[in-house]
Amino acid sequence: MELTKQDIAALRNRLKKTDRGIKGAAEEGGITEATAHKILRGDNCKEESIKAFLDGVGLLEASEQQKKKSISVQARQSPIQTF
């Protein structure tokens, strides 16, 4: 499985929108950060590594979105205290 330059550019844009970036996506996908960098360089990598990284990007986005929603809900539920 090969990623096109457009695929890689789209992945980079998605990763820029996250807090944990490449490292977080690699962790979520269960691969090393070095392998993630190889994938984003367009180097020849195993198909299972590429799929794991793609899954990791999706999991990272989902977990960060959920975290942001949770923080937003907590902020609305917390009473404002002034002293």
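Rules and cut-offs
- Residues numbered from 1 in each chain as written.
- Predicted model: local features only at pLDDT ≥ 70, side-chain atom pairs only at ≥ 80, totals over all residues.
- Heavy atoms only, no water.
- pLDDT = per-residue confidence, 0-100.
- Helix = DSSP H or I, 4+ residues; strand = E, 2+ residues; numbered from the N terminus.
- Expected span 1.5 Å × (residues − 1).
- Buried < 20%, exposed > 50% of the residue type's maximum accessible area, 1.4 Å probe, protein only.
- Arc of directions from axis to C-beta.
- Axes fitted to C-alpha atoms, helices over the stretch in contact; angles between N-to-C directions.
- Parallel < 35°, antiparallel > 145°, perpendicular 65-115°, else oblique.
- Contact = heavy atoms within 4.5 Å.
- Nonpolar A, V, L, I, M, F, W, Y, C, P; charged D, E, K, R; others polar.

## Considerations on the confidence of the model for the protein
Close inspection of predicted coordinates is inappropriate for parts of the model with low pLDDT. Confidence along the protein averages 90 in pLDDT terms, with 87% of residues attaining 70 or more. Summarising per-element confidence for the protein, the mean pLDDT is lowest in helix 4 (residues 47-77) (88) and highest in helix 2 (residues 21-29) (97).

## A short note on helix 1 (residues 5-16)
With 12 residues, helix 1 should cover 16 Å at 1.5 Å per step; its first-to-last C-alpha distance of 16 Å lies within 8% of that length. Looking only at helix 1, the buried set comprises I8, L11 and L15. One face of helix 1 carries all of its buried residues, which in axial projection span an arc of 60°. Facing away from the buried side of helix 1 by over 90 degrees, the exposed positions are K5, Q6 and K16.

## A few points about the packing of helix 1 against helix 3 (residues 33-41)
Two elements in contact, helix 1 and helix 3, have axes separated by 9 Å at closest approach and are oriented at 130°. By the criterion of interaxial angle, the relationship of helix 1 to helix 3 is oblique. Along its contact with helix 1, which presents I8, L11, R12 and L15, the element helix 3 presents I39, L40 and R41. Grouping the constituent residues of the contact of helix 1 with helix 3 by class yields 5 nonpolar, no polar and 2 charged.

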